[in-house]
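# Inside the fold
Take a look at the letters that make up each chain.
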Amino acid sequence: MIRVVDLTKRFGPTVAVDQVSFEIGRGEVVGFLGPNGAGKTTTIRVLTGYHPATSGLAEVAGFDVQKHSLDVRKHIGYLPQEVPIYPDLRVVEYLRYRAELKGVRGKDRKLAVSRAMSRAGIENVSRKLVGHVSHGYRQRVGLADALVANPPILVLDEPTSGLDPNQRRRIKQVVRDLADEHTVLFSSHILSEVQDVSSRIIVIHRGSLRADGPPDDLVAHSTRATLHVGARCAGSLLREIVAVLPGVVEGTVEVADGDNGVAAVTSAIAPGQDPTEELGERLQKAAIAVRELKLVMPTLEEYFYAITDGSDDQGESVDDDVGDEGVAVAAVPDSEEGEQ
Amino acid sequence: MRGALTTIKKELLSYAVSPVSWIIAVLFYLVRGFEVAQQVGIFHVYRGDVNQFPQATYSVASTYMMVLLVPGILTMRCFAEERRTGSIETLMTAPVRDFEVVLGKWVAATLFFAILWLPSVCLLHAMEYDSYFGADISFGPVFAAYLGMFLLSGLLLAFGVFASSLTDNVLLSAILTILFNTTLTQSPNILRSVFGASSNEYYVRELISKLDVYGNFSNWFARGLIDTSQVAFYIGGIGFFVFLTWISVTSRRMV
């Protein structure tokens, strides 16, 4: 449903997106990750036809974004990060207007608006002015707007940004429910959220693609796990046993001799390796009593930290900190990507 | 054209719920009511020609207020506000053609201007109940004058919509429009004073005359005369600025 090949977007001398390629199939829910200024919003804006690409190809529902922008827009429901809606209209008026603009008319429109409000959980504020509802509700009005024409593809740019835990939970549930009928690309800074909802993640950093795949696979195959062993023996002996195990990263074995003759060893284990069974057998053969043996898998957060060089991109990159008019602006600490 | 119709409806709703629109309407009818009452008094005292009365009511301060100030205020939000708040992103990513959005915004501004202006005809209609005017006011020329005002305001609003597409600052958009409209309506008088009202150069005289957008209204339509070349001039001007606005808006997708 979405195909991006060597997509590059420059704003003057600034490269916001650099030769990014990925494909998203029908019915996939894909999390789009990256630090602030990584190029997520720019990529999304190219996909929605808001910005043209400098080079490369972007296709949505089989239509070239550049050549058939109108067809692309008919197939996309888009929720920008900062939901900009007309404050002087009532929620229901705004949604009726958006539905009509998207070609939903007559009786269908009433039904579509009602269904979208129900899905986003905003029926109770339908008669309120958009300018008078809270940030969380406004975000959900934006979500209802994205859903109102029931498009096959949904692009949600940080849909949970600035929401409280209950509101986040609600949005996550909506995204999960949407997965049955829609292809969803959604960006977020909250990694656990992405892991909960997505079957796949795409990580972009400094405009370049860094990872693409199911989150568990990526984490397991790309980041070191940590082995913790506690046994009743001398620390030096335990070190010798652990150091020769397959997957143990050289120079990472650390030993601590504890009380009562119990030694503890920790070691980094190469991605995709699990030496716990073999270690268990060796310790059994050596008749060493085991107090603790566990392999701690890395979290998505650690994986994200590793592949983005631990960078928050603040003050060192302006990759995606590009204003609406294509003018590069200085990165501001704690700035939101909505300012890109 | 469904996108344009949807945009017109939404824009009219926004105008209707905006306090600015109501402030303009109240101010306009306060000033205009006072001015018309003054004109009635003058016609009573000097026994003026009843058929000249409608024309006399066009050359008053409230007309200038509507022509010079109101287009800038009405159109300042068209695109500048959308850009300032970021709603331009949801608008431009909706499945609607840019031209339809531009056209819709201009039509809505012009219709709302007409809604503000049209009730002023009631003031003329009320004169039929006056002892002096009786039923003598002919509404044929009044129709011509209102058509002229509709075309003139359409042109000035078209520039306003264009100015609004150039910036994200609503105040700047309004000031730009007011300055442009003032220049457009006043420059022919300045040019005439520079070149002389009876310039020997035929083309200079004609050019100044054609560019005199307010003069075309006051010298022709306001006197009950409809000249198709003048109508074509206004429509051409409107088309020109609507086209420029479309270029300005759609250029976003090109860079």
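Residues numbered from 1 in each chain as written. Chains lettered and ligands numbered in written order. Predicted model: local features only at pLDDT ≥ 70, side-chain atom pairs only at ≥ 80, totals over all residues.

## Some remarks on the overall build of chain B
Rules: For the purposes of this entry, the term helix denotes a DSSP run of H or I that reaches at least four residues, the term strand denotes a run of E that reaches at least two, and both are numbered from the N terminus. With the radius of gyration taken over C-alpha atoms, the globule rule is written as 2.2 Å times the number of residues to the power 0.38. With C-beta atoms placed from the backbone, a residue is buried if 20 or more other C-beta atoms are within 10 Å of its own, exposed if 12 or fewer are, and partly exposed between those counts. Residues are treated as contacting if the C-beta atoms built from their backbones sit within 7 Å of each other.
When you go through chain B residue by residue, the secondary structure sums to 13 helices and zero strands. Reading the helices (α) and strands (β) of chain B from amino to carboxyl end gives α-α-α-α-α-α-α-α-α-α-α-α-α. Rg of the C-alpha trace for chain B: 20 Å, near the compact-globule value of 18 Å for 255 residues, within the 12% margin. Counting only C-alpha atoms and orienting by the principal axes, one finds that chain B spans roughly 65 × 50 × 30 Å. Residues counted as buried form 40% of the 255 residues belonging to chain B. Within chain B, residue pairs in contact and separated by at least 24 positions form 84% of the contacts whose partners lie at least 6 positions apart.

## As for the interface of chain B and chain A
To keep things clear, this is the line we draw: Each residue gets one of three labels, nonpolar for Ala, Val, Leu, Ile, Met, Phe, Trp, Tyr, Cys and Pro, charged for Asp, Glu, Lys and Arg, and polar for the others, Gly among them.
Across the contact, 21 residues belong to chain B and 23 residues belong to chain A. For the side of chain B that touches chain A, the secondary structure elements donating two or more residues are α1 (2-17) and α6 (87-92) of chain B. Tallying contributions element by element places α1(B) first for the side of chain B that touches chain A, with six residues. A breakdown of the residues in the side of chain B that touches chain A according to their chemical character gives eight nonpolar, nine polar and four charged.

## Side note on the packing of helix α4 (residues 61-75) of chain B against helix α9 (residues 139-166) of chain B
Between two packed helices, what matters for the description is the angle formed by their axes and the separation of those axes. Residue and element names in this part refer to chain B. Defined as follows: Axes, fitted as lines to C-alpha atoms, cover a helix only where it is in contact. Angles between the N-to-C directions of the axes lie from 0 to 180 degrees. Angular relationships are summarised with four words: roughly parallel below 35 degrees, roughly antiparallel beyond 145, roughly perpendicular across 65 to 115, and oblique for the angles in between. Each crossing is labelled by how the near helix is turned from the far one, with a counterclockwise turn of less than a right angle marking it left-handed and a clockwise turn marking it right-handed.
Put simply, α4 and α9 touch, their axes get as near as 8 Å, and they point 40 degrees apart. Judged on the interaxial angle alone, α9 and α4 are oblique. Here α4 runs over α9; the crossing is right-handed. Here Val67, Pro71, Gly72, Leu74 and Thr75 of α4 come into contact with α9, specifically with Leu152, Ser153, Leu156, Leu157, Gly160, Val161 and Ser164. Classifying every residue of the contact of α4 with α9 by side-chain character gives seven nonpolar, five polar and no charged.

## Section: the sheet that holds strand β6 (residues 76-79) of chain A
Within a sheet, each strand pairs with its neighbour through backbone hydrogen bonds, oriented either parallel or antiparallel. Residue and element names in this part refer to chain A. Operational definition: A pair of strands counts as paired when DSSP detects no fewer than two bridges linking them.
Taken in spatial order, the six strands of this open sheet run β6-β7-β8-β3-β9-β10, and their pairing is mixed. The sheet is open, and its two borders are formed by β6 and β10 (208-213), each paired with just one other strand. Strand-to-strand twist in this sheet, taken as the mean axis angle between neighbours without regard to direction, amounts to 15 degrees. Relative to strand β8 (residues 183-187), strand β3 (residues 29-33) runs parallel, the two sharing four bridges. Residue pairing across strands places Val29 opposite Val184, the latter belonging to β8. Docked against the sheet, helix α1 (residues 40-47) engages β3, β7 (153-157), β8 and β9 (200-205), running at close to 150 degrees with respect to β7. Packing of helix α11 (residues 300-307) onto the sheet brings it into contact with β3, β9 and β10, and relative to β9 it is tilted by some 30 degrees.

## Regarding helix α13 (residues 228-250) of chain B
Residues and elements named next belong to chain B. Quick reminder of the rule: One fewer than the residue count of a helix, multiplied by 1.5 Å, yields its expected span.
Taking 1.5 Å of rise per residue, the 23 residues of α13 would be expected to cover 33 Å, and the 32 Å separating its terminal C-alpha atoms lies within 8% of that figure. Those residues of α13 that sit buried are Gln230, Tyr234, Gly237, Ile238, Phe241, Val242, Thr245, Trp246 and Val249. Looking at the buried residues of α13, the elements they touch are α7 (98-117), α9 and α12 (213-219).

## With respect to the nonpolar core
What counts, and what does not: Remark: nonpolar core denotes a set of buried Ala, Val, Leu, Ile, Met, Phe, Trp, Tyr and Cys residues whose joining runs through C-beta atoms within 7 Å.
Leu95(A), Ala144(A), Val148(A), Leu152(B) and Ala158(B) are the most contacted members of the largest nonpolar core, which has 134 residues in total. In terms of residue count, α9(B) provides more of this core than any other element does, 14 residues in total. For Leu152(B), the residues in contact, after removing those within four places along its chain, are Val67(B), Val213(B), Tyr214(B), Phe217(B) and Tyr234(B). Leu227(A), Val248(A), Leu279(A) and Leu283(A) belong to the second-largest nonpolar core, a separate cluster that totals twelve residues.

## Let's talk about the sheet that holds strand β1 (residues 2-11) of chain A
Residue and element names in this part refer to chain A. Overall, antiparallel pairing links the four strands, which are arranged β2-β1-β4-β5 in an open sheet. One side of each edge strand has no neighbouring strand; the edge strands of this open sheet are β2 (14-24) and β5 (63-64). With two bridges joining them, strand β4 (residues 55-60) and β5 adopt antiparallel strand pairing. What sits directly across from Glu59, in β5, is Asp64. Set on the sheet, α1 makes contact with β1, β2 and β4; between it and β1 the angle comes to about 115 degrees.

## What about unusual backbone geometry?
Residue and element names in this part refer to chain A. For Gln19, which is not a glycine, the phi torsion comes out positive at approximately 50 degrees. Overall, the presence of 14 C-beta atoms within 10 Å leaves Gln19 in the partly exposed class. Unusually for a residue other than glycine, Asn150 sits at a positive phi of about 50 degrees. With respect to the helices and strands, Asn150 occurs in the loop between α5 (135-147) and β7. A count of 17 C-beta atoms within 10 Å places Asn150 in the partly exposed class.

Functional significance is not addressed by these values, which are geometric in nature.
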